Amino acid sequence: MANPLVEIKNLKIEATVYPPGEKPHDIVIVENVSLTLERGQVMGLIGESGAGKSTIGLAALAYGRGGIRLSGEIFVNGRDILKASAKSLRKLRGKEVTYVSQSAAASFNPARRLMEQVIETTLLHKLSNKRDAEARAVELFAALGLPDPENIGRRFPHQVSGGQLQRVMTAMALCPKPDLIIFDEPTTALDVTTQIDVLAAIKNAIKETGVAALYITHDLAVVAQVTDEIMVLRNGKMVEHGPVKQIIEAPIEAYTKELVSAHSIEHEEKPPRDNPVLVVKNISASYGGGVQVLSDISVELHPGQTLAVVGESGSGKSTLARVITGLLPPSQGSISFDGKELPKALKQRSLEELRELQMIYQMADVAMNPRQTVGTIIGRPLQLYFGIRGAEKRRMVIELLDQIEMGEKFIDRYPAELSGGQKQRVCIARSLAAKPKLIICDEVTSALDPLVADGILRLLLDLQKEQQVAYLFITHDLATVRSIADSIAVMYQGKLVRYGPKSEVLSPPFDDYTDLLLSSVPEMRIGWLESVLKSRKMESAGN
Amino acid sequence: MHPILKLVAQRIALGILLLFAASALIFVGTEILPGDVAQSILGQTATPEALANLREDLGLNESAFSRYFNWLGGVLQGDLGNALSNNKNIAEAMGKRLGNTLFLAGWAALFSVPLAVTLGLVAVRYKNRWPDKMISGVTLATISLPEFFIGYLLIYFVSVKLRWFPSVAIINDSMSVLEKLNAIALPIAVLTMVVLAHMMRMTRAAILNVMQSPYIETAELKGLTPFNVIRKHAFPNAIAPIVNVVMINLAYLVVGIVIVEVIFVYPGMGQYLVDHVAKRDVPVVQACALVFAAVYIGLNIVADIVSIISNPRLRHPK
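Thresholds, definitions, all that
Residues numbered from 1 in each chain as written. Chains lettered and ligands numbered in written order. Predicted model: local features only at pLDDT ≥ 70, side-chain atom pairs only at ≥ 80, totals over all residues. Heavy atoms only, no water. Helix = DSSP H or I, 4+ residues; strand = E, 2+ residues; numbered from the N terminus. Buried < 20%, exposed > 50% of the residue type's maximum accessible area, 1.4 Å probe, protein only. Contact = heavy atoms within 4.5 Å. Areas by Shrake-Rupley, 256 points an atom, 1.4 Å probe, with all protein chains shown as cover. Axes fitted to C-alpha atoms, helices over the stretch in contact; angles between N-to-C directions. Parallel < 35°, antiparallel > 145°, perpendicular 65-115°, else oblique. Left-handed = near helix turned anticlockwise from the far one by under 90°. Nonpolar A, V, L, I, M, F, W, Y, C, P; charged D, E, K, R; others polar. Phe/Tyr/Trp six-rings, centres within 6.5 Å; stacked < 30°, edge-to-face > 60°. Lys NZ or Arg CZ within 6 Å of the ring centre and 35° of its normal. 1 Å grid on protein atoms, 1.4 Å probe; cavity = no way out; pocket = protein on both sides within 12 Å on 5 of 7 lines; lining within 4 Å. Points joined across faces, edges and corners; volume = space filled by probe spheres on them.

### Things to note about the overall build of chain A
Part 1 of the reasoning: A tally of regular secondary structure across chain A gives 20 helices and 20 strands.
Part 2 of the reasoning: Each principal axis of the C-alpha atoms in chain A carries an extent, and together these give about 75 × 55 × 45 Å.
Part 3 of the reasoning: Burial status across chain A gives 54% buried among its 543 residues.
Part 4 of the reasoning: Partitioning the contacts of chain A with sequence separation of at least 6, the portion at a separation of at least 24 is 68%.
Part 5 of the reasoning: For chain A, the accessible area works out to roughly 23300 Å², and carbon and sulfur atoms hold 50% of it.

### Description of the packing of helix α13 (residues 374-386) of chain A against helix α14 (residues 390-403) of chain A
Residues and elements named next belong to chain A.
Part 1 of the reasoning: At their nearest, the axes of α13 and α14 sit 9 Å apart, and the two run at 110° to each other. The angle between α13 and α14 places the two elements in the roughly perpendicular class. Read as a crossing pair, α13 and α14 show a hand that is right-handed. Two secondary-structure elements touch here, α13 through Val374, Gly375, Ile378, Gly379, Leu382 and Gln383 and α14 through Lys393, Met396, Val397, Leu400 and Leu401.
Part 2 of the reasoning: Here the contact of α13 with α14 is composed, by residue class, of seven nonpolar, three polar and one charged.

### Quick notes on helix α10 (residues 226-234) of chain B
Part 1 of the reasoning: Every buried residue of α10(B) is accounted for by B:Asn228, B:Val229, B:Ile230, B:His233 and B:Ala234.
Part 2 of the reasoning: Along its buried surface, α10(B) packs onto α4 (114-124) of chain A together with α5 (90-125), α8 (177-211) and α9 (214-221) of chain B.

### Brief notes about the packing of aromatic side chains
Part 1 of the reasoning: Scanning all chains against the criterion turns up 10 aromatic pairs over all chains.
Part 2 of the reasoning: Pairing B:Trp107 with B:Phe111 gives two aromatic rings, centres 6.4 Å apart and planes at 35°, and the pair type is tilted. Of the two residues, B:Trp107 and B:Phe111 are both situated in helix α5; the distance of four residues between them amounts to about one turn of the helix.
Part 3 of the reasoning: Three or more aromatic residues link up through ring pairs in this structure, and these residues are B:Phe27, B:Phe65, B:Tyr68, B:Phe69 and B:Trp71.
Part 4 of the reasoning: Positioned over the ring face of A:Phe386 is A:Lys435, at 5.4 Å from the centre of the ring.
Part 5 of the reasoning: One cation-aromatic arrangement involves B:Lys180 over B:Phe103; the distance from NZ or CZ to the ring centre is 5.3 Å.

### Quick notes on the packing of helix α6 (residues 162-174) of chain A against helix α7 (residues 192-209) of chain A
All names here are of chain A.
Part 1 of the reasoning: α7 packs onto α6 with a crossing angle of 15° between their chain directions and a minimal axis gap of 10 Å. Between α6 and α7, the crossing angle belongs to the class labelled roughly parallel. By crossing handedness, the relation of α6 to α7 is classed as right-handed. In this structure, α6 contributes Gly163, Gln166, Arg167, Thr170 and Leu174 to the contact, and α7 contributes Thr194, Asp197, Val198, Ile202, Ala205 and Thr209.
Part 2 of the reasoning: For the contact of α6 with α7, the residue count by class is four nonpolar, five polar and two charged.

### Some points on empty space enclosed by the protein
Over the atoms rolls a probe the size of a water molecule, and in doing so it shows where empty space is left.
Part 1 of the reasoning: According to the stated counting rule, one finds three cavities of 30 Å³ or more in the structure shown.
Part 2 of the reasoning: The calculated volume of the largest cavity comes to roughly 90 Å³.
Part 3 of the reasoning: Lining of the largest cavity is provided by A:Gly94, A:Thr98, A:Tyr99, A:Thr121, A:Met172, A:Ala173, B:Thr218, B:Leu221 and B:Lys222.
Part 4 of the reasoning: Counting residues per element, the ones that place at least two in the lining of the largest cavity are β6 (97-100) and α6 of chain A together with α9 of chain B.
Part 5 of the reasoning: Its residues assigned to classes, the lining of the largest cavity shows four nonpolar, four polar and one charged.

Quick look at the structure:
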């Protein structure tokens with residue numbers, strides 16, 4: 001075989017942007033990227049959001065989202081696909097190259113059964129008849145560890161879990177026996193405990209079928225488990241390219257070193273002082289009187305401290321936040337704030353009680369009114385709770401902007417003109433403006449890139465030191481918990497399985513669930529995946 | 001019970017309740033019309049005694065309340081009462097008219113609905129290119145012109161100049177279906193033009209909305225042709241909004257074709273209603289209004305049910 005499977009030469013990707021109030025202009029998304037992929041080889045593309053990694057992945061299918069222009073040369077099986085006709089591209093897509101997206105839940109047509117969608121490509125490209133295709137799909141379902149492989153194809157997408165859908169999507173990509181599969185963050189949307197099984201299934205499938213793959217992710221620890229080679233990208237340019245071992249153990253470029261050492265915040269656990277600011281006692285709650293989502297939860301939080309609530313999706317951690325804020329009155333139990341019992345429902349609480357308890361959300365995008373300026377957004381609590389207006393308000397907004405390390409120049413900008421990290425900082429400033437005693441942070445760093453998330457965590461810790469505000473920090477990310485928590489509550493299926501100071505919760509002996517959770521956090525070493533799968537005591541529930 | 005059956009039963013029960021409310025509104029509406037029925041039957045020269053006798057006969061001296069329930073009781077037993085003007089049974093007279101109207105509306109729907117949906121699909125396929133712009137332009141032009149104007153234009157060109165179809169749409173029982181279709185070709189054309197734009201635009205908008213979904217990208221990356229992406233992956237998820245607007249237009253085809261019927265002298269409900277409004281024949285007007293309300297509510301229930309059934313989450317619960 002003389003030709004490599006894929007050869008990308010000097011790929012350049014451009015788009016035209018239409019910023020509000022400015023003339024449309026062209027921007028370069030990816031520049032001067034070249035790579036070769038042999039048959040059966042697995043390469044990882046890694047970088048932060050905006051690095052252009054997904055765009056490069058889709059370019060291997062000669063596909064550009066929303067008016068993107070590709071130039072350069074991309075050879076797949078010896079033919080330049082950027083010069084190919086629409087008809088010949090349709091033969092490439094789904095037959096030679098297939099695609100697994102980040103959100104399988106959104107990538108399946110909700111109106112059609114899984115089997116129809118899995119074998120659609122095989123039938124479309126006339127690769128086999130319907131019976132053989134279905135038989136192959138069932139084989140793949142079994143190989144990927146899906147339950148009831150014979151019948152799962154008859155289900156609709158909403159009838160299976162997210163982890164299962166991601167496997168079905170992998171089966172869909174494997175079904176037409178392609179030469180190359182593009183995996184675009186296939187496990188990012190999953191819980192850590194589910195991610196590990198899906199990752200193992202994908203790795204296994206790649207090994208068994210000998211298919212080549214481009215594995216795109218922002219998580220270096222994940223990519224280290226499945227690929228042979230890694231290419232690090234930043235702002236559309238290649239930073240470093242080499243075998244996995246070299247990139248992880250001996251990175252050359254400064255940016256790669258930074259990526260390898262993200263989550264380096266050290267935070268000493270502080271002993272509790274004073275009386276607790278928040279006491280949650282025997283809380284139980286359910287939605288609409290139906291299934292109980294929280295049962296008998298009791299936790300305490302002291303001023304200037306951080307209580308991290310960890311658990312996978314569906315564990316009830318966000319519901320706990322809703323109960324504490326009064327959005328969902330509990331069916332049993334009580335919540336005391338600063339020694340006084342809080343009314344259960346939001347409507348019964350006084351303005352002062354509302355002021356002392358603020359919230360920051362995961363999606364900073366949707367937590368701000370897109371038609372208000374940063375100044376208006378941050379100034380609103382000042383006016384509402386303290387009646388501050390005019391020049392005084394502006395002065396305090398600038399002060400807050402300085403605190404979040406952004407400064408006065410942002411005061412007249414709109415949320416759309418900010419980066420993801422800046423948006424989250426504005427949300428932090430807005431909650432600080434109310435001078436609260438407790439801030440509930442609901443997955444505030446989950447949507448951010450590791451380095452940006454690190455910055456936000458540092459800021460939160462600095463602010464805590466200055467203002468003695470307490471955080472209830474909800475997250476599924478144990479690395480974050482290690483960095484910032486003073487005490488930890490581990491939740492599983494609405495119950496508190498482990499609770500105490502950080503040093504106690506994170507040291508053995510562990511209960512089965514905490515062990516599963518801790519061992520599922522990807523570690524940046526080769527062979528981690530195999531070793532952890534061998535030593536597990538409990539199956540993850542998300543499968 | 002299956003959740004779908006429950007939802008459907010709820011919708012039907014609500015529809016029946018709504019129909020009762022509509023019947024009350026219709027009755028009150030005709031009640032507050034100025035003028036006296038007895039006076040208008042007997043004319044200006046009637047003697048007071050004759051008026052009093054007629055009022056007694058018609059039951060006009062009873063309270064509005066008991067008259068409403070008498071009327072409603074009759075309606076529930078299929079008795080719509082007799083027309084004041086000619087004392088004929090309304091149900092009988094209306095039956096044939098309603099049949100004619102449904103015949104015309106049905107054929108108009110048969111042409112316009114598939115045409116509108118197909119044009120919508122084509123418009124999506126060639127979004128913002130000339131076929132899309134042309135389809136939008138032409139359908140918007142036809143909806144912007146009043147029905148009577150299109151009607152007379154068609155009569156002048158197609159019927160008078162070209163002599164392809166008759167200008168008067170009179171049908172009777174002795175005609176074959178083909179002859180009838182020939183007779184109502186022009187009214188069908190006018191109605192199609194009137195309802196086309198609304199349905200086409202909604203189909204286009206609903207599908208374009210679905211086209212933003214990630215699963216459309218999945219389908220494109222499978223190598224499907226653009227038209228198959230729309231037909232297999234976008235359309236099934238856009239059925240609910242499309243059916244809703246189709247049903248509103250079907251209801252319009254039944255109850256809103258008064259003008260078209262009058263233009264083409266077609267013996268349908270519209271003509272019947274217009275004639276009897278002119279004669280101040282309250283029972284007939286009430287009966288027509290009630291039938292129209294029933295058609296509207298019925299078609300909207302159908303739209304609701306189709307939307308419910310087209311949702312796989314409801315059809316196949318976890």
